[in-house]
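# Descriptive analysis of the structure
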Amino acid sequence: MMSRVGMLLVTVMVVLTACQTPTESTQQNNPKVNNDVSELNWQVPAFSYTNQNNEQVTLDDLKGKVWLADFIFTHCPNICPPMTANMAKVQETANEKGLDIQIVSFSVDPKNDTPEVLAAYGKEKQIDFKNWDFLTGYSVEEIQKFGKEAFKAGISQQPGPSEDIPVLVNHPPQFYLIDQTGAVVTFYNGLEPDYDKIVQDIKALQ
(Lines give C-alpha, C1' and ligand atoms only; values in the text may rest on other atoms or scores of the structure.)
Protein backbone atom coordinates (compact mmCIF):
# COMPACT_ATOMS: atom_id res chain seq x y z
CA MET A 1 0.00 0.00 0.00
CA MET A 2 1.30 3.44 -0.93
CA SER A 3 2.13 5.66 2.02
CA ARG A 4 0.49 9.05 2.51
CA VAL A 5 3.79 10.69 1.61
CA GLY A 6 3.96 8.67 -1.60
CA MET A 7 0.41 9.58 -2.53
CA LEU A 8 1.17 13.24 -1.89
CA LEU A 9 4.23 13.11 -4.14
CA VAL A 10 2.20 11.53 -6.95
CA THR A 11 -0.48 14.21 -6.61
CA VAL A 12 2.13 16.99 -6.70
CA MET A 13 3.75 15.49 -9.80
CA VAL A 14 0.37 15.30 -11.56
CA VAL A 15 -0.44 18.91 -10.69
CA LEU A 16 2.95 20.14 -11.84
CA THR A 17 2.81 18.36 -15.18
CA ALA A 18 -0.83 18.37 -16.20
CA CYS A 19 -0.98 22.01 -17.27
CA GLN A 20 2.02 21.71 -19.55
CA THR A 21 1.82 20.31 -23.02
CA PRO A 22 4.65 18.97 -25.17
CA THR A 23 4.87 21.33 -28.12
CA GLU A 24 5.22 20.17 -31.69
CA SER A 25 8.60 21.88 -31.81
CA THR A 26 11.07 22.38 -28.99
CA GLN A 27 11.53 25.88 -30.38
CA GLN A 28 8.12 26.85 -29.01
CA ASN A 29 9.49 26.97 -25.47
CA ASN A 30 12.66 28.88 -26.34
CA PRO A 31 12.06 32.64 -25.96
CA LYS A 32 15.19 33.45 -28.00
CA VAL A 33 14.17 31.53 -31.13
CA ASN A 34 12.46 33.23 -34.06
CA ASN A 35 9.00 31.64 -34.17
CA ASP A 36 7.75 33.45 -37.27
CA VAL A 37 5.01 31.35 -38.88
CA SER A 38 3.68 34.04 -41.21
CA GLU A 39 4.56 31.97 -44.29
CA LEU A 40 2.82 28.82 -43.01
CA ASN A 41 -0.78 30.00 -43.45
CA TRP A 42 -1.95 29.46 -39.87
CA GLN A 43 -5.40 30.99 -40.26
CA VAL A 44 -7.77 31.37 -37.31
CA PRO A 45 -11.12 29.78 -38.28
CA ALA A 46 -14.41 31.62 -37.79
CA PHE A 47 -15.76 31.48 -34.25
CA SER A 48 -18.47 33.00 -32.07
CA TYR A 49 -17.82 32.57 -28.35
CA THR A 50 -18.96 34.23 -25.10
CA ASN A 51 -16.83 36.61 -23.05
CA GLN A 52 -16.77 37.45 -19.34
CA ASN A 53 -19.59 39.96 -19.84
CA ASN A 54 -21.80 37.30 -21.44
CA GLU A 55 -21.35 39.03 -24.82
CA GLN A 56 -20.63 37.29 -28.10
CA VAL A 57 -17.16 37.80 -29.56
CA THR A 58 -16.53 36.66 -33.12
CA LEU A 59 -13.60 36.49 -35.47
CA ASP A 60 -15.30 39.22 -37.51
CA ASP A 61 -15.12 41.49 -34.45
CA LEU A 62 -11.35 41.08 -34.54
CA LYS A 63 -10.90 41.60 -38.26
CA GLY A 64 -8.88 44.74 -38.90
CA LYS A 65 -7.24 44.48 -35.47
CA VAL A 66 -3.91 43.13 -34.28
CA TRP A 67 -4.50 40.73 -31.42
CA LEU A 68 -2.78 38.38 -29.01
CA ALA A 69 -4.23 35.05 -27.93
CA ASP A 70 -3.49 32.43 -25.31
CA PHE A 71 -5.12 29.46 -23.57
CA ILE A 72 -5.84 29.43 -19.84
CA PHE A 73 -8.29 28.08 -17.27
CA THR A 74 -9.22 29.55 -13.93
CA HIS A 75 -8.45 26.47 -11.79
CA CYS A 76 -4.99 26.04 -13.33
CA PRO A 77 -2.55 25.44 -10.46
CA ASN A 78 0.71 26.42 -12.12
CA ILE A 79 1.31 28.01 -15.52
CA CYS A 80 -1.86 30.07 -16.04
CA PRO A 81 -1.38 32.63 -13.25
CA PRO A 82 2.09 33.67 -14.48
CA MET A 83 0.89 33.60 -18.09
CA THR A 84 -1.99 35.91 -17.21
CA ALA A 85 0.33 38.22 -15.26
CA ASN A 86 2.76 38.29 -18.20
CA MET A 87 -0.04 39.02 -20.66
CA ALA A 88 -1.18 41.87 -18.41
CA LYS A 89 2.34 43.29 -18.60
CA VAL A 90 2.21 43.01 -22.40
CA GLN A 91 -1.09 44.89 -22.30
CA GLU A 92 0.36 47.59 -20.05
CA THR A 93 3.49 47.95 -22.20
CA ALA A 94 1.44 48.18 -25.40
CA ASN A 95 -0.83 50.80 -23.84
CA GLU A 96 2.20 52.85 -22.77
CA LYS A 97 3.49 52.72 -26.35
CA GLY A 98 0.12 53.78 -27.74
CA LEU A 99 -0.37 50.50 -29.60
CA ASP A 100 -3.88 49.40 -30.51
CA ILE A 101 -4.23 45.69 -29.74
CA GLN A 102 -6.87 43.27 -28.55
CA ILE A 103 -6.17 40.35 -26.21
CA VAL A 104 -8.16 37.10 -26.22
CA SER A 105 -7.77 34.33 -23.66
CA PHE A 106 -9.56 31.10 -24.57
CA SER A 107 -10.61 28.92 -21.64
CA VAL A 108 -9.67 25.26 -22.03
CA ASP A 109 -12.12 24.34 -19.25
CA PRO A 110 -15.42 25.69 -20.62
CA LYS A 111 -17.55 23.51 -18.34
CA ASN A 112 -16.28 25.21 -15.18
CA ASP A 113 -15.26 28.56 -16.67
CA THR A 114 -18.62 30.26 -17.10
CA PRO A 115 -18.72 33.99 -17.97
CA GLU A 116 -19.28 34.75 -14.29
CA VAL A 117 -16.27 32.67 -13.23
CA LEU A 118 -14.09 34.32 -15.88
CA ALA A 119 -15.24 37.78 -14.75
CA ALA A 120 -14.36 36.94 -11.15
CA TYR A 121 -10.98 35.54 -12.24
CA GLY A 122 -10.20 38.71 -14.16
CA LYS A 123 -11.22 40.87 -11.23
CA GLU A 124 -9.03 38.82 -8.89
CA LYS A 125 -6.08 39.24 -11.25
CA GLN A 126 -6.84 42.98 -11.61
CA ILE A 127 -7.29 42.65 -15.36
CA ASP A 128 -8.09 45.69 -17.49
CA PHE A 129 -11.01 44.36 -19.54
CA LYS A 130 -11.02 47.37 -21.87
CA ASN A 131 -9.28 45.41 -24.64
CA TRP A 132 -9.13 41.91 -23.17
CA ASP A 133 -11.76 39.18 -23.58
CA PHE A 134 -11.81 35.88 -21.72
CA LEU A 135 -13.82 33.45 -23.84
CA THR A 136 -15.95 30.38 -23.15
CA GLY A 137 -19.27 29.01 -24.41
CA TYR A 138 -18.15 25.93 -26.32
CA SER A 139 -17.50 22.26 -25.64
CA VAL A 140 -14.14 20.74 -24.76
CA GLU A 141 -14.14 19.04 -28.15
CA GLU A 142 -14.71 22.37 -29.89
CA ILE A 143 -11.82 24.14 -28.19
CA GLN A 144 -9.55 21.16 -28.85
CA LYS A 145 -10.41 21.33 -32.56
CA PHE A 146 -10.10 25.11 -32.61
CA GLY A 147 -6.70 25.08 -30.91
CA LYS A 148 -5.39 22.50 -33.35
CA GLU A 149 -6.72 24.24 -36.45
CA ALA A 150 -5.74 27.77 -35.49
CA PHE A 151 -2.49 27.35 -33.57
CA LYS A 152 -1.40 23.71 -34.08
CA ALA A 153 -1.88 23.43 -30.31
CA GLY A 154 -2.68 20.21 -28.46
CA ILE A 155 -5.25 20.42 -25.64
CA SER A 156 -6.27 17.49 -23.43
CA GLN A 157 -8.05 17.06 -20.10
CA GLN A 158 -7.88 14.74 -17.13
CA PRO A 159 -9.68 14.70 -13.76
CA GLY A 160 -8.25 17.00 -11.14
CA PRO A 161 -6.98 15.99 -7.72
CA SER A 162 -9.53 17.90 -5.61
CA GLU A 163 -12.73 19.95 -5.57
CA ASP A 164 -10.61 23.09 -5.81
CA ILE A 165 -8.95 21.73 -8.97
CA PRO A 166 -11.77 19.72 -10.61
CA VAL A 167 -9.93 19.26 -13.89
CA LEU A 168 -6.36 19.49 -15.18
CA VAL A 169 -5.68 20.50 -18.75
CA ASN A 170 -2.62 20.11 -20.92
CA HIS A 171 -2.45 23.25 -23.04
CA PRO A 172 0.20 25.37 -24.76
CA PRO A 173 2.01 28.07 -22.77
CA GLN A 174 2.43 30.29 -25.83
CA PHE A 175 1.17 33.76 -26.69
CA TYR A 176 0.13 33.99 -30.35
CA LEU A 177 0.23 37.19 -32.41
CA ILE A 178 -2.51 37.45 -35.05
CA ASP A 179 -2.72 40.09 -37.75
CA GLN A 180 -5.68 42.07 -39.09
CA THR A 181 -6.71 39.28 -41.48
CA GLY A 182 -6.83 36.57 -38.81
CA ALA A 183 -3.49 35.01 -39.77
CA VAL A 184 -1.10 33.87 -37.03
CA VAL A 185 2.17 35.74 -37.47
CA THR A 186 4.37 34.42 -34.68
CA PHE A 187 4.28 33.09 -31.12
CA TYR A 188 6.15 33.62 -27.87
CA ASN A 189 6.88 31.74 -24.67
CA GLY A 190 4.14 32.99 -22.36
CA LEU A 191 6.15 32.05 -19.28
CA GLU A 192 9.24 34.02 -20.35
CA PRO A 193 8.01 36.59 -22.87
CA ASP A 194 10.37 39.01 -24.54
CA TYR A 195 8.29 42.17 -24.08
CA ASP A 196 10.45 44.30 -26.35
CA LYS A 197 10.16 41.73 -29.16
CA ILE A 198 6.38 41.52 -28.76
CA VAL A 199 6.03 45.31 -28.91
CA GLN A 200 8.34 45.44 -31.93
CA ASP A 201 6.27 42.81 -33.74
CA ILE A 202 3.00 44.60 -32.93
CA LYS A 203 4.42 47.88 -34.23
CA ALA A 204 5.49 46.19 -37.46
CA LEU A 205 1.87 45.20 -38.13
CA GLN A 206 0.38 48.65 -37.53
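Described in the following lines is the structure provided in the data block. (Residues numbered from 1 in each chain as written. Predicted model: local features only at pLDDT ≥ 70, side-chain atom pairs only at ≥ 80, totals over all residues. Heavy atoms only, no water.)

## Thoughts on the sheet that holds strand S3 (residues 66–72)
This is how the line gets drawn: DSSP-based pairing: two strands are paired if at least 2 bridges between them are found. A run of H or I in DSSP becomes a helix once it reaches four residues, and a run of E becomes a strand once it reaches two; helices and strands are each numbered from the N terminus. Structural elements are reduced to axes, namely lines fitted to C-alpha atoms, with helices fitted over the stretch in contact, and the angle between N-to-C directions of any two is expressed from 0 to 180 degrees.
On the basis of which strands lie adjacent, the open sheet formed by five strands has the order S5-S4-S3-S8-S9 and mixed pairing. On the outer flanks of this sheet lie strand S5 (132–135) and strand S9 (184–189), each paired with one strand and no other. The sheet shows a mean angle of 20 degrees between the axes of neighbouring strands, direction not considered. In the sheet, S3 pairs with strand S8 (residues 174–178) via three bridges, with the strands oriented antiparallel. Bridge pairing links Ala69 to Tyr176 in S8.

## Quick notes on the packing of aromatic side chains
How we decide: Side-chain rings of Phe, Tyr and Trp, where Trp is taken by its six-membered ring, are said to pair if the distance between their centres is within 6.5 Å; with planes under 30 degrees apart they count as stacked, over 60 as edge-to-face, and otherwise as tilted. Three labels apply to residues, based on accessible area from a 1.4 Å probe with only protein chains included: buried if under 20% of the type maximum, exposed if over 50%, partly exposed otherwise in between.
Counted according to the given criterion, the structure contains 17 aromatic pairs. Pairing Trp42 with Phe187 gives two aromatic rings, centres 6.1 Å apart and planes at 5 degrees, and the pair type is stacked. With a gap of 145 residues between them, Trp42 in the loop between helix H1 (4–18) and strand S1 (48–50) and Phe187 in strand S9 connect regions that are remote in the sequence. Considered together, Trp42 and Phe187 belong to a single accessibility category, that of buried residues. Centroid distance Phe47 to Phe106: 5.7 Å. Interplanar angle 80 degrees. Geometry classified as edge-to-face. With Phe47 in the loop between H1 and S1 and Phe106 in strand S4 (residues 101–107), this residue pair connects regions lying 59 residues apart in the sequence. For the pair Phe47 and Phe106, one class covers both residues: buried.

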